[in-house]
Amino acid sequence: MLIPLIKEHILKRSQQKLPVPEDFSDLQVLVEAQNPAPPCTCDTCDPDLYRSVTNCYLHPHFRIKFEKDSTKNKYGNECYLPPKLSSSTSIANAEAMHLARQTIAYFDCPIQDLNNTQLAALAALHKWRDTRLSDILSPHPNTDFHLLIPEKQMRDILGCINVLFFGRDSCMFHFRWASKVAQDAEAHTQEHAMTGFTIKMLRALPRQSRFEGRWMLDLLGTLVHEAVHVYFYAYACHRCRSAEENLMSHGHGRAWQLVTARLERCFVRFVGLPVDMGRFSGIQGNWAYFYPTPSRHDFSEWRLENEVLTRFYAHDLFGAFEAGAVKRGIKLDEFAKEWWNIESTLEVVEKEGKEYYRLLRRNQDFGARRKPRGKSGKGLEDDFLVRRFRPLGAGEGSC
Ligand SMILES: [Zn+2]
Ligand SMILES: [Zn+2]
Ligand SMILES: [Zn+2]
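Residues numbered from 1 in each chain as written. Chains lettered and ligands numbered in written order. Predicted model: local features only at pLDDT ≥ 70, side-chain atom pairs only at ≥ 80, totals over all residues.

Asks: Got a minute to help me understand the overall build of the protein in this structure?
Replies: Check the secondary structure of the protein and you find 17 helices and three strands. Burial status across the protein gives 37% buried among its 399 residues. (Helix = DSSP H or I, 4+ residues; strand = E, 2+ residues; numbered from the N terminus. Buried ≥ 20, exposed ≤ 12 C-beta atoms within 10 Å, placed from the backbone.)

Take a look at the structure:
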(Lines give C-alpha, C1' and ligand atoms only; values in the text may rest on other atoms or scores of the structure.)
(Ligands and ions follow the chains in the order given, each with its own letter.)
Protein backbone atom coordinates (compact mmCIF):
# COMPACT_ATOMS: atom_id res chain seq x y z
CA MET A 1 0.00 0.00 0.00
CA LEU A 2 2.83 2.35 0.88
CA ILE A 3 4.99 1.61 -2.16
CA PRO A 4 3.03 3.75 -4.68
CA LEU A 5 2.90 6.56 -2.12
CA ILE A 6 6.67 6.45 -1.64
CA LYS A 7 7.23 6.25 -5.39
CA GLU A 8 5.05 9.30 -5.93
CA HIS A 9 6.97 11.17 -3.27
CA ILE A 10 10.41 10.19 -4.61
CA LEU A 11 9.59 10.70 -8.27
CA LYS A 12 7.63 13.88 -7.52
CA ARG A 13 5.11 13.02 -10.18
CA SER A 14 3.46 15.95 -11.88
CA GLN A 15 0.14 16.82 -10.36
CA GLN A 16 -3.08 17.89 -12.00
CA LYS A 17 -3.31 21.68 -12.25
CA LEU A 18 -6.72 21.95 -13.94
CA PRO A 19 -9.61 22.99 -11.66
CA VAL A 20 -11.48 20.19 -9.89
CA PRO A 21 -14.50 19.23 -12.06
CA GLU A 22 -17.84 20.01 -10.41
CA ASP A 23 -19.71 17.10 -11.91
CA PHE A 24 -19.20 14.38 -14.47
CA SER A 25 -20.23 16.71 -17.33
CA ASP A 26 -17.42 19.08 -16.33
CA LEU A 27 -15.01 16.17 -16.38
CA GLN A 28 -16.33 15.13 -19.78
CA VAL A 29 -15.59 18.65 -21.11
CA LEU A 30 -12.05 18.51 -19.70
CA VAL A 31 -11.46 15.07 -21.18
CA GLU A 32 -12.73 16.05 -24.62
CA ALA A 33 -10.96 19.41 -24.66
CA GLN A 34 -7.50 17.90 -24.45
CA ASN A 35 -5.62 18.66 -27.61
CA PRO A 36 -3.74 16.60 -28.45
CA ALA A 37 -5.54 13.91 -26.49
CA PRO A 38 -3.07 12.11 -24.22
CA PRO A 39 -2.55 8.47 -25.17
CA CYS A 40 -4.50 5.99 -23.08
CA THR A 41 -2.21 3.80 -20.99
CA CYS A 42 -4.76 1.12 -20.14
CA ASP A 43 -4.10 -2.55 -20.89
CA THR A 44 -6.41 -2.51 -23.95
CA CYS A 45 -4.87 0.56 -25.62
CA ASP A 46 -1.23 -0.09 -24.69
CA PRO A 47 -0.83 -3.87 -24.19
CA ASP A 48 2.94 -3.74 -24.83
CA LEU A 49 3.42 -1.69 -21.70
CA TYR A 50 1.89 -4.51 -19.66
CA ARG A 51 3.85 -7.27 -21.43
CA SER A 52 7.13 -5.49 -20.88
CA VAL A 53 9.40 -6.93 -18.20
CA THR A 54 10.40 -3.38 -17.33
CA ASN A 55 6.88 -2.73 -16.04
CA CYS A 56 7.57 -4.78 -12.93
CA TYR A 57 10.62 -6.47 -11.44
CA LEU A 58 8.31 -9.16 -10.06
CA HIS A 59 7.44 -10.40 -13.54
CA PRO A 60 5.64 -12.76 -14.26
CA HIS A 61 2.44 -12.03 -12.38
CA PHE A 62 -0.17 -14.49 -11.24
CA ARG A 63 -2.74 -15.07 -14.01
CA ILE A 64 -6.38 -15.75 -13.16
CA LYS A 65 -7.89 -18.64 -15.10
CA PHE A 66 -11.52 -19.68 -15.24
CA GLU A 67 -12.53 -23.32 -15.00
CA LYS A 68 -15.97 -24.62 -15.86
CA ASP A 69 -17.85 -26.15 -12.92
CA SER A 70 -18.47 -29.82 -13.64
CA THR A 71 -21.94 -29.53 -12.06
CA LYS A 72 -24.52 -27.15 -13.43
CA ASN A 73 -25.94 -24.44 -11.18
CA LYS A 74 -29.42 -24.61 -9.65
CA TYR A 75 -30.92 -23.14 -12.84
CA GLY A 76 -29.35 -25.99 -14.83
CA ASN A 77 -26.84 -23.64 -16.50
CA GLU A 78 -23.12 -24.09 -16.97
CA CYS A 79 -21.02 -21.76 -14.84
CA TYR A 80 -17.48 -21.09 -13.65
CA LEU A 81 -15.89 -22.21 -10.42
CA PRO A 82 -14.68 -19.40 -8.13
CA PRO A 83 -11.23 -18.60 -9.58
CA LYS A 84 -7.98 -18.79 -7.65
CA LEU A 85 -6.76 -15.28 -6.91
CA SER A 86 -3.20 -16.04 -5.85
CA SER A 87 -0.78 -18.90 -5.56
CA SER A 88 2.04 -19.69 -3.20
CA THR A 89 4.21 -20.60 -6.20
CA SER A 90 3.81 -17.21 -7.93
CA ILE A 91 6.25 -14.49 -7.05
CA ALA A 92 3.79 -11.69 -7.62
CA ASN A 93 0.08 -11.07 -7.27
CA ALA A 94 -2.00 -10.49 -10.39
CA GLU A 95 -1.36 -7.30 -12.35
CA ALA A 96 -4.12 -4.81 -11.38
CA MET A 97 -5.81 -4.42 -14.80
CA HIS A 98 -5.75 -8.17 -15.42
CA LEU A 99 -7.33 -8.65 -11.98
CA ALA A 100 -9.95 -5.97 -12.72
CA ARG A 101 -10.97 -7.37 -16.12
CA GLN A 102 -11.09 -10.99 -14.92
CA THR A 103 -13.12 -9.99 -11.88
CA ILE A 104 -15.68 -8.21 -14.04
CA ALA A 105 -15.85 -11.24 -16.35
CA TYR A 106 -16.59 -13.37 -13.27
CA PHE A 107 -19.47 -11.37 -11.76
CA ASP A 108 -21.03 -9.42 -14.64
CA CYS A 109 -23.45 -12.01 -15.98
CA PRO A 110 -27.17 -12.82 -15.72
CA ILE A 111 -28.23 -14.13 -12.27
CA GLN A 112 -29.09 -17.46 -13.90
CA ASP A 113 -25.43 -17.91 -14.91
CA LEU A 114 -23.90 -17.35 -11.45
CA ASN A 115 -22.43 -20.42 -9.79
CA ASN A 116 -24.05 -22.02 -6.75
CA THR A 117 -21.56 -20.41 -4.35
CA GLN A 118 -22.44 -16.98 -5.71
CA LEU A 119 -26.15 -17.83 -5.65
CA ALA A 120 -25.92 -18.86 -1.98
CA ALA A 121 -24.26 -15.51 -1.15
CA LEU A 122 -26.94 -13.69 -3.12
CA ALA A 123 -29.70 -15.61 -1.29
CA ALA A 124 -28.14 -14.56 2.04
CA LEU A 125 -28.08 -10.92 0.88
CA HIS A 126 -31.73 -11.21 -0.22
CA LYS A 127 -32.66 -12.67 3.17
CA TRP A 128 -30.97 -9.79 5.00
CA ARG A 129 -32.59 -7.27 2.64
CA ASP A 130 -36.07 -8.76 3.09
CA THR A 131 -35.79 -9.00 6.87
CA ARG A 132 -34.70 -5.37 7.12
CA LEU A 133 -36.38 -3.82 4.09
CA SER A 134 -38.42 -1.33 6.00
CA ASP A 135 -35.34 -0.16 7.96
CA ILE A 136 -33.35 0.04 4.73
CA LEU A 137 -35.90 2.09 2.78
CA SER A 138 -37.10 4.35 5.60
CA PRO A 139 -35.29 7.48 6.77
CA HIS A 140 -33.66 7.32 10.21
CA PRO A 141 -32.92 10.35 12.34
CA ASN A 142 -30.64 8.17 14.46
CA THR A 143 -27.14 8.08 13.08
CA ASP A 144 -25.56 5.71 15.58
CA PHE A 145 -24.73 3.16 12.94
CA HIS A 146 -23.64 0.51 15.39
CA LEU A 147 -27.28 0.24 16.48
CA LEU A 148 -28.56 0.31 12.93
CA ILE A 149 -26.30 -2.49 11.64
CA PRO A 150 -24.29 -4.35 14.30
CA GLU A 151 -20.65 -5.16 13.57
CA LYS A 152 -21.30 -8.85 12.98
CA GLN A 153 -24.07 -8.09 10.49
CA MET A 154 -21.73 -5.74 8.59
CA ARG A 155 -19.10 -8.49 8.48
CA ASP A 156 -21.69 -10.98 7.21
CA ILE A 157 -22.71 -8.58 4.43
CA LEU A 158 -19.04 -8.05 3.56
CA GLY A 159 -18.62 -11.83 3.30
CA CYS A 160 -21.56 -12.07 0.89
CA ILE A 161 -20.16 -9.22 -1.23
CA ASN A 162 -16.74 -10.89 -1.35
CA VAL A 163 -18.16 -14.25 -2.46
CA LEU A 164 -20.68 -12.86 -4.93
CA PHE A 165 -18.36 -10.45 -6.73
CA PHE A 166 -14.81 -11.62 -6.03
CA GLY A 167 -15.14 -15.39 -5.73
CA ARG A 168 -14.20 -15.87 -2.09
CA ASP A 169 -14.18 -14.43 1.39
CA SER A 170 -11.16 -14.50 3.71
CA CYS A 171 -10.73 -14.77 7.48
CA MET A 172 -8.02 -12.12 7.02
CA PHE A 173 -10.70 -9.48 6.25
CA HIS A 174 -12.29 -7.74 9.23
CA PHE A 175 -14.84 -5.04 9.93
CA ARG A 176 -14.97 -2.57 12.84
CA TRP A 177 -17.13 0.39 13.78
CA ALA A 178 -14.86 3.20 14.98
CA SER A 179 -15.35 6.55 16.66
CA LYS A 180 -12.41 7.97 14.70
CA VAL A 181 -10.94 6.98 11.36
CA ALA A 182 -7.57 7.91 9.85
CA GLN A 183 -7.29 11.16 7.90
CA ASP A 184 -10.77 12.22 9.02
CA ALA A 185 -12.28 9.97 6.38
CA GLU A 186 -15.64 8.23 6.87
CA ALA A 187 -14.01 4.84 6.24
CA HIS A 188 -10.50 3.52 6.02
CA THR A 189 -8.85 0.15 5.44
CA GLN A 190 -5.88 -0.79 7.58
CA GLU A 191 -3.38 -3.48 6.76
CA HIS A 192 -1.62 -5.50 9.43
CA ALA A 193 1.02 -8.10 8.59
CA MET A 194 -0.37 -10.64 11.06
CA THR A 195 -4.11 -10.03 11.13
CA GLY A 196 -4.83 -8.92 7.55
CA PHE A 197 -7.12 -6.09 6.46
CA THR A 198 -9.56 -4.23 8.68
CA ILE A 199 -12.23 -1.94 7.30
CA LYS A 200 -12.98 0.76 9.85
CA MET A 201 -16.08 2.87 9.40
CA LEU A 202 -17.23 5.83 11.49
CA ARG A 203 -20.18 4.96 13.69
CA ALA A 204 -21.65 8.44 13.20
CA LEU A 205 -21.12 10.71 10.25
CA PRO A 206 -21.02 14.48 10.34
CA ARG A 207 -22.20 14.74 6.74
CA GLN A 208 -25.61 14.51 5.13
CA SER A 209 -27.07 11.27 3.91
CA ARG A 210 -26.83 10.56 0.18
CA PHE A 211 -30.27 8.95 0.38
CA GLU A 212 -32.39 11.35 2.41
CA GLY A 213 -31.64 9.70 5.75
CA ARG A 214 -31.73 6.09 4.52
CA TRP A 215 -28.48 5.55 6.32
CA MET A 216 -28.38 1.82 5.74
CA LEU A 217 -28.02 2.46 2.01
CA ASP A 218 -25.25 4.97 2.70
CA LEU A 219 -23.45 2.36 4.79
CA LEU A 220 -23.93 -0.33 2.19
CA GLY A 221 -22.34 1.89 -0.50
CA THR A 222 -19.37 2.72 1.74
CA LEU A 223 -18.90 -0.95 2.63
CA VAL A 224 -18.85 -1.98 -1.05
CA HIS A 225 -16.43 0.90 -1.78
CA GLU A 226 -14.04 -0.39 0.89
CA ALA A 227 -14.53 -4.04 -0.12
CA VAL A 228 -13.14 -3.22 -3.58
CA HIS A 229 -10.14 -1.47 -1.95
CA VAL A 230 -9.46 -4.53 0.23
CA TYR A 231 -9.70 -6.76 -2.83
CA PHE A 232 -7.04 -4.80 -4.71
CA TYR A 233 -4.85 -4.45 -1.62
CA ALA A 234 -4.95 -8.20 -1.08
CA TYR A 235 -4.72 -9.58 -4.62
CA ALA A 236 -3.14 -6.96 -6.94
CA CYS A 237 0.55 -6.35 -7.47
CA HIS A 238 1.45 -2.92 -6.16
CA ARG A 239 5.02 -3.03 -7.47
CA CYS A 240 4.17 -2.48 -11.16
CA ARG A 241 5.03 0.88 -12.69
CA SER A 242 1.57 0.82 -14.25
CA ALA A 243 0.08 0.55 -10.73
CA GLU A 244 0.85 4.24 -10.22
CA GLU A 245 -2.04 5.02 -12.55
CA ASN A 246 -4.12 1.89 -12.15
CA LEU A 247 -4.21 1.74 -8.35
CA MET A 248 -2.80 5.12 -7.25
CA SER A 249 -1.75 5.73 -3.65
CA HIS A 250 -5.34 6.51 -2.60
CA GLY A 251 -6.73 3.46 -4.38
CA HIS A 252 -9.24 5.21 -6.69
CA GLY A 253 -7.29 4.69 -9.90
CA ARG A 254 -8.24 3.11 -13.20
CA ALA A 255 -8.61 -0.50 -11.97
CA TRP A 256 -10.81 0.49 -9.01
CA GLN A 257 -12.96 2.76 -11.21
CA LEU A 258 -13.43 0.00 -13.74
CA VAL A 259 -14.58 -2.61 -11.22
CA THR A 260 -16.79 -0.25 -9.20
CA ALA A 261 -18.47 1.01 -12.38
CA ARG A 262 -19.64 -2.51 -13.27
CA LEU A 263 -20.31 -3.51 -9.68
CA GLU A 264 -22.58 -0.50 -9.21
CA ARG A 265 -24.89 -1.72 -11.99
CA CYS A 266 -24.66 -5.40 -11.04
CA PHE A 267 -25.44 -4.74 -7.38
CA VAL A 268 -28.72 -3.03 -8.18
CA ARG A 269 -29.54 -5.76 -10.74
CA PHE A 270 -28.81 -8.57 -8.26
CA VAL A 271 -30.13 -7.05 -5.02
CA GLY A 272 -32.52 -4.30 -6.16
CA LEU A 273 -30.94 -1.79 -3.76
CA PRO A 274 -28.98 1.25 -5.01
CA VAL A 275 -25.38 1.63 -3.89
CA ASP A 276 -23.53 4.90 -4.09
CA MET A 277 -19.83 4.20 -3.86
CA GLY A 278 -18.81 7.85 -4.13
CA ARG A 279 -16.95 7.18 -7.38
CA PHE A 280 -17.04 10.72 -8.68
CA SER A 281 -16.26 12.24 -5.28
CA GLY A 282 -13.29 9.81 -5.18
CA ILE A 283 -11.99 11.53 -8.33
CA GLN A 284 -12.73 15.01 -6.97
CA GLY A 285 -11.08 14.29 -3.63
CA ASN A 286 -7.90 12.99 -5.28
CA TRP A 287 -7.99 15.22 -8.34
CA ALA A 288 -4.36 16.31 -8.00
CA TYR A 289 -3.26 12.73 -8.67
CA PHE A 290 -5.36 12.33 -11.80
CA TYR A 291 -2.56 13.50 -14.03
CA PRO A 292 -2.65 13.40 -16.93
CA THR A 293 -6.42 13.83 -17.14
CA PRO A 294 -8.21 10.50 -17.77
CA SER A 295 -8.22 9.49 -21.43
CA ARG A 296 -11.40 9.41 -23.50
CA HIS A 297 -11.29 5.64 -23.40
CA ASP A 298 -11.01 5.64 -19.59
CA PHE A 299 -13.84 8.11 -19.27
CA SER A 300 -16.14 5.99 -21.44
CA GLU A 301 -15.28 2.84 -19.46
CA TRP A 302 -15.85 4.43 -16.05
CA ARG A 303 -19.50 5.21 -16.81
CA LEU A 304 -19.78 7.96 -14.27
CA GLU A 305 -23.24 8.88 -15.53
CA ASN A 306 -24.47 5.70 -13.82
CA GLU A 307 -24.20 7.45 -10.46
CA VAL A 308 -26.91 9.82 -11.66
CA LEU A 309 -29.06 6.95 -12.89
CA THR A 310 -28.72 5.24 -9.53
CA ARG A 311 -29.98 8.37 -7.81
CA PHE A 312 -33.04 8.45 -10.06
CA TYR A 313 -33.64 4.81 -9.32
CA ALA A 314 -33.34 5.45 -5.57
CA HIS A 315 -35.82 8.33 -5.82
CA ASP A 316 -38.40 6.17 -7.60
CA LEU A 317 -37.78 3.21 -5.30
CA PHE A 318 -38.41 5.30 -2.16
CA GLY A 319 -41.61 6.68 -3.70
CA ALA A 320 -42.85 3.22 -4.66
CA PHE A 321 -42.00 1.86 -1.21
CA GLU A 322 -43.80 4.67 0.61
CA ALA A 323 -46.84 4.10 -1.60
CA GLY A 324 -46.83 0.42 -0.67
CA ALA A 325 -46.00 -0.70 -4.20
CA VAL A 326 -42.70 -2.30 -3.30
CA LYS A 327 -42.70 -5.04 -0.72
CA ARG A 328 -40.30 -7.74 0.36
CA GLY A 329 -38.63 -10.14 -2.03
CA ILE A 330 -40.10 -10.65 -5.43
CA LYS A 331 -41.95 -7.31 -5.55
CA LEU A 332 -38.69 -5.42 -5.13
CA ASP A 333 -36.95 -7.65 -7.65
CA GLU A 334 -39.72 -6.99 -10.18
CA PHE A 335 -39.55 -3.25 -9.57
CA ALA A 336 -35.78 -3.25 -10.12
CA LYS A 337 -35.99 -5.40 -13.23
CA GLU A 338 -38.72 -3.28 -14.79
CA TRP A 339 -37.03 0.03 -13.99
CA TRP A 340 -33.65 -0.92 -15.44
CA ASN A 341 -35.16 -2.59 -18.49
CA ILE A 342 -36.83 0.48 -19.94
CA GLU A 343 -33.99 1.48 -22.20
CA SER A 344 -35.74 4.47 -23.76
CA THR A 345 -36.37 5.90 -20.30
CA LEU A 346 -32.79 5.34 -19.34
CA GLU A 347 -31.62 7.16 -22.44
CA VAL A 348 -33.77 10.15 -21.52
CA VAL A 349 -32.68 10.03 -17.91
CA GLU A 350 -29.06 9.77 -18.90
CA LYS A 351 -29.34 12.74 -21.24
CA GLU A 352 -31.47 14.91 -19.01
CA GLY A 353 -29.73 13.62 -15.92
CA LYS A 354 -26.89 16.02 -16.53
CA GLU A 355 -29.29 18.94 -16.04
CA TYR A 356 -30.71 17.27 -12.97
CA TYR A 357 -27.21 16.75 -11.65
CA ARG A 358 -26.55 20.48 -11.90
CA LEU A 359 -29.73 21.15 -9.92
CA LEU A 360 -28.51 18.72 -7.30
CA ARG A 361 -25.20 20.53 -7.07
CA ARG A 362 -26.99 23.84 -6.64
CA ASN A 363 -29.26 22.42 -3.97
CA GLN A 364 -26.63 20.38 -2.16
CA ASP A 365 -27.43 16.79 -1.36
CA PHE A 366 -30.06 14.62 -2.98
CA GLY A 367 -33.43 15.80 -1.73
CA ALA A 368 -31.93 17.06 1.48
CA ARG A 369 -33.01 20.62 0.86
CA ARG A 370 -36.38 21.65 -0.45
CA LYS A 371 -35.54 25.20 -1.52
CA PRO A 372 -36.23 26.99 -3.71
CA ARG A 373 -39.79 25.75 -4.01
CA GLY A 374 -40.96 24.52 -7.39
CA LYS A 375 -44.31 25.17 -9.01
CA SER A 376 -45.73 21.87 -7.78
CA GLY A 377 -45.33 23.02 -4.19
CA LYS A 378 -42.63 20.46 -3.68
CA GLY A 379 -38.91 21.09 -3.89
CA LEU A 380 -37.15 22.11 -7.05
CA GLU A 381 -35.74 18.62 -7.51
CA ASP A 382 -39.18 17.03 -7.16
CA ASP A 383 -40.72 19.52 -9.56
CA PHE A 384 -38.06 18.75 -12.11
CA LEU A 385 -38.67 15.04 -11.67
CA VAL A 386 -42.44 15.41 -12.00
CA ARG A 387 -42.04 17.26 -15.28
CA ARG A 388 -39.34 15.08 -16.78
CA PHE A 389 -39.35 11.66 -15.29
CA ARG A 390 -42.33 9.58 -14.43
CA PRO A 391 -40.95 6.35 -15.78
CA LEU A 392 -42.89 3.93 -13.63
CA GLY A 393 -45.42 6.12 -11.91
CA ALA A 394 -43.39 5.86 -8.78
CA GLY A 395 -45.28 6.99 -5.74
CA GLU A 396 -48.60 6.16 -7.42
CA GLY A 397 -48.58 2.46 -6.68
CA SER A 398 -48.70 1.49 -10.32
CA CYS A 399 -45.91 -1.04 -10.37
ZN1 LIG B 1 -7.53 2.67 -22.96
ZN1 LIG C 1 3.86 -6.08 -10.64
ZN1 LIG D 1 -11.74 4.91 -1.27
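Next comes the rest of the description.
Asks: How do you make sense of the pairing of strand β3 (residues 196-202) when you look at a structure like this?
Replies: The two faces of the sheet receive side chains in turn, since in a regular strand these alternate between them. When you tally the buried positions in β3, you get five out of seven residues, the bulk of the element. By the bridge criterion, six bridges tie strand β1 (residues 173-178) to β3 in an arrangement that is parallel. When the bridges of β3 are listed, R176 appears paired with K200. As paired strands, strand β2 (residues 187-192) and β3 are joined by six bridges and run antiparallel to one another. Each residue of the ladder has a partner; that of T189, found in β3, is I199. Counting the residues between successive antiparallel strands, the hairpin from β2 to β3 contains three residues. (Pairing = 2+ DSSP bridges.)

Asks: Quick question: what am I supposed to make of the environment of C45 here?
Replies: Mapped onto the secondary structure, C45 falls in the loop between α2 (24-33) and α3 (47-51). Filtering out sequence-adjacent residues up to four positions away, C45 remains in contact with C40 and H297. (Contact = placed C-beta atoms within 7 Å.)

Asks: Even after reading the chapter, I still don't get the nonpolar core, so can you show me in this structure?
Replies: Proteins that are soluble and globular tend to have nonpolar side chains buried together. In this structure, A96, V224, F232, A236 and A255 are the most contacted members of the largest nonpolar core, which totals 86 residues. The element best represented in this core is helix α9 (residues 215-235), accounting for 13 residues. (Core = buried A, V, L, I, M, F, W, Y, C linked by C-beta atoms within 7 Å.)

Asks: I would appreciate a short explanation of the sheet that holds β3 in the present structure.
Replies: Read across the sheet, three strands follow the order β1-β3-β2 without closing on themselves; strand pairing throughout is mixed. What marks the edges here is a single partner per strand, and that holds for β1 and β2. Each strand axis lies, on average, 25° off the axis of its neighbour in the sheet, ignoring direction. Where α9 meets the sheet, it contacts β1, β2 and β3, and its direction lies at approximately 25° from that of β2. (Axes fitted to C-alpha atoms, helices over the stretch in contact; angles between N-to-C directions.)

Asks: Before we go on, may I ask you to explain the environment of S87 in this structure?
Replies: Take S87: it is sitting in the loop between α3 and α4 (96-107). Separated by 25 residues in sequence, S87 and F62 have C-alpha atoms that sit 7.2 Å apart.

Asks: Whenever I open this one, helix α5 (residues 116-131) confuses me. Can you help?
Replies: Each α-helix turn comprises 3.6 residues. Residues three or four places apart therefore point the same way. Between its first and last C-alpha, α5 extends 22 Å over 16 residues, near the 22 Å set by a 1.5 Å rise per residue. Of all the residues in α5, the buried ones are Q118, A121, L125 and R129. Within α5, the buried residues cover an arc of 80° as seen down the axis, which keeps them to one side. Opposite the packed face of α5, turned more than 90 degrees from it, sit the exposed residues A123, K127 and T131. Buried residues belonging to α5 abut α6 (133-137), α8 (151-166) and α11 (254-271). (Expected span 1.5 Å × (residues − 1). Arc of directions from axis to C-beta.)

Asks: What is the right way to look at unusual backbone geometry in this model?
Replies: Negative phi is the rule for most residues except glycine; trans is the rule for most peptide bonds. Of the consecutive residues N35 and P36, the connecting peptide bond is found in the cis state with omega at 0°. Its location among the elements puts P36 in the loop between α2 and α3. With an omega of -5°, the peptide bond running from Y291 to P292 counts as cis. With respect to the helices and strands, the residue P292 is situated in the loop between α12 (279-285) and α13 (296-302). The phi dihedral of E212 is positive, around 50°, even though this residue is not glycine. Note that E212 resides in the loop between β3 and α9.

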